[in-house]
Amino acid sequence: MHLGIEHYLILSAVMFSIGLYGALAKRNAVAILMCIEIMLNAVNIAMIAFSRYVVPDVVLLTGHVFAIFVMTVAAAEAAVGLAIIISIYRSRQSVDVEQADSMKG
Amino acid sequence: MIELAFWVLALIMVGAAIAVVLLRNIFRAALLLVLCFFTVAGIYITLNADFLAAVQVLIYAGAIGILLIFAIMLTRNLPEGNPFNRFKVKAFVISLLVLATMIGVIVGTDWGGISSNPQAVEMPVDESTTSYVAAALFDQDKGFVLPFEIASVLLLAALIGAVVLVRDRDRR
């Protein structure tokens, strides 16, 4: 059997769901950030698979360009997110997201 | 050959991702996340995206992996490790529903000739995609020059923001 676009899309869907579950169900803020990175990687796999299968001749690589932008934003997000987590840890001595609820109405 | 590579990489990737979510030791979870990033780079190679595979190893496995491990070491006080919150069951049901919906749509869609595109299915060609990515990114008419510049401003803003957020205000 050969590899179709479905293989890559289902792999991407599985990874996205694992990341979603972790992001919703974890208490440690760093673990939530790690699961968001898994979700971003899943999206990148889907975009590169579409780029490969829909436009197979290597001329129009818009999917690759989008994946590069996703990586850029993910790097910025990781830097700022971890800075915020370290800042919260300094003021509360904890990275538990259930304790960081001072803005709760 | 490429099918075998895909299945091995996919199994390691999904196993590492599940371990990231389930492990109680967050440091081991971060190391397995780096393994997961490496297998994603392998998947990019099976998709003939060599430049992106290199970028994946450099940025994700290198930079973001190191950054996460630094953050874990700087915030290491949780004796309970990496526990679940009170939404454990609800979140599982929701993620399962999302997965079932996505797989249903993917399997139900008629991909026509796209999925068995002979040019796409054969082995990766022996040619680098780097120059083509550059052409797609910096083309005069259909390129992404303005988004590229905005991305550089975003990175600068993130850099300054991270420095401002973690600066020690007392010792100034």
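All figures in this text were calculated on a predicted structure; none of them were measured in a lab.

**Digging into the overall build of chain A**
Of regular secondary structure, chain A possesses three helices and zero strands. Starting at the N terminus and ending at the C terminus, chain A contains elements arranged as α-α-α. The C-alpha radius of gyration computed for chain A amounts to 18 Å, which surpasses the reference 13 Å derived for 105 residues by more than 25%, pointing to a less compact arrangement than a globule. Once the C-alpha set of chain A is aligned to its principal axes, its extents read approximately 55 × 25 × 25 Å. A burial count over chain A gives 57% of its 105 residues as buried.

**Examining the overall build of chain B**
What chain B contains, in helices and strands, is seven helices and zero strands. Secondary structure elements in chain B, listed N-terminal to C-terminal, are α-α-α-α-α-α-α. The proportion of buried residues among the 172 residues of chain B is 24%. Long-range contacts, defined as pairs at least 24 residues apart, comprise 58% of the intrachain contacts of chain B with a sequence gap of at least 6.

**Observations regarding the interface of chain B and chain A**
On the chain A side, the residues contacting the 76 residues of chain B number 66 residues. Listed by contribution, the elements that provide at least two residues to the side of chain B that touches chain A are helix H1 (2-22), helix H2 (26-46), helix H3 (50-74), helix H4 (88-108), helix H5 (118-121), helix H6 (130-138) and helix H7 (145-166) of chain B. Top element by residues in the side of chain B that touches chain A is H4 of chain B. It accounts for eleven residues. Its residues assigned to classes, the side of chain B that touches chain A comprises 61 nonpolar, twelve polar and three charged.

**Some points on the packing of helix H1 (residues 5-25) of chain A against H1 of chain B**
Contact pair H1 of chain A / H1 of chain B: the axes reach a minimum separation of 9 Å and the direction vectors enclose 10°. In this view, H1 of chain A runs roughly parallel relative to H1 of chain B, as classed from their interaxial angle. Between H1 of chain A and H1 of chain B, the residues in contact are His7, Leu11, Val14, Met15, Ile18, Tyr21 and Gly22 of chain A and Phe6, Ala10, Met13, Val14, Ala17, Ile18, Val20 and Val21 of chain B, respectively. Here the residues of the contact of H1 of chain A with H1 of chain B are counted per class, giving 13 nonpolar, two polar and no charged.

**Details of the confidence of the model for chain A**
Taken residue by residue, chain A gives an average pLDDT of 88. The fraction at 70 or more is 95%. Confidence scores differ between elements of chain A, with helix H3 (residues 62-92) of chain A showing the lowest mean pLDDT of 91 and H1 of chain A the highest of 93.

**Some thoughts on the environment of Gly143 of chain B**
Here Gly143 of chain B shows up in the loop between H6 and H7. Beyond its immediate sequence surroundings of up to four residues, Gly143 of chain B is in contact with Leu137 and Phe138 of chain B.

**Focus on the environment of Phe87 of chain B**
Residue and element names in this part refer to chain B. Tracing the chain through its elements places Phe87 in the loop between H3 and H4. For Phe87, a count of 15 C-beta atoms within 10 Å corresponds to the partly exposed category. Considering only alpha carbons, one finds Phe87 and Leu154, 67 residues apart in sequence, at a separation of 34 Å.

**Focus on the nonpolar core**
Ranked by internal contacts, the top residues of the largest apolar core, which has 74 residues, are Val30, Met34, Ile38 and Ile45 of chain A together with Val20 and Cys36 of chain B. Those elements giving two or more residues to this core turn out to be H1, helix H2 (29-54) and H3 of chain A together with H1, H2, H3, H6 and H7 of chain B. Among the elements that take part in this core, H2 of chain A stands out by supplying 17 residues, more than any other. Once you skip the residues sitting within four places of it in the chain, Ile45 of chain A turns out to touch Tyr8, Leu11, Ser12 and Met15 of chain A together with Val40 and Ile43 of chain B.

**Section: the confidence of the model for chain B**
Taken residue by residue, chain B gives an average pLDDT of 86. The fraction at 70 or more is 90%. Here the predicted complex scores 0.90 on pTM and 0.91 on ipTM.

**A few points about H2 of chain B**
Compared with the 30 Å implied by 1.5 Å per residue over 21 residues, the 30 Å span of H2 of chain B between its first and last C-alpha is a close match. The first or second residue beyond H2 of chain B is Asn48 of chain B, which carries a positive phi of 65°.

**Considering the packing of H2 of chain A against H2 of chain B**
Viewed as axis vectors pointing N to C, H2 of chain A and H2 of chain B meet at an angle of 5°, and their least axial separation amounts to 11 Å. The angle between H2 of chain A and H2 of chain B falls in the class roughly parallel. Contacts between H2 of chain A and H2 of chain B involve Val30, Ala31, Met34, Glu37, Ile38, Asn41, Ile45 and Ile48 of chain A on the former and, on the latter, Ile26, Ala29, Ala30, Leu33, Cys36, Phe37, Val40, Ile43 and Tyr44 of chain B.

Here is what the cut-offs are and how they apply
Residues numbered from 1 in each chain as written. Chains lettered and ligands numbered in written order. Predicted model: local features only at pLDDT ≥ 70, side-chain atom pairs only at ≥ 80, totals over all residues. Helix = DSSP H or I, 4+ residues; strand = E, 2+ residues; numbered from the N terminus. Rg over C-alpha atoms; globule rule 2.2 N^0.38 Å. Buried ≥ 20, exposed ≤ 12 C-beta atoms within 10 Å, placed from the backbone. Contact = placed C-beta atoms within 7 Å. Nonpolar A, V, L, I, M, F, W, Y, C, P; charged D, E, K, R; others polar. Axes fitted to C-alpha atoms, helices over the stretch in contact; angles between N-to-C directions. Parallel < 35°, antiparallel > 145°, perpendicular 65-115°, else oblique. pLDDT = per-residue confidence, 0-100. Core = buried A, V, L, I, M, F, W, Y, C linked by C-beta atoms within 7 Å. Expected span 1.5 Å × (residues − 1).

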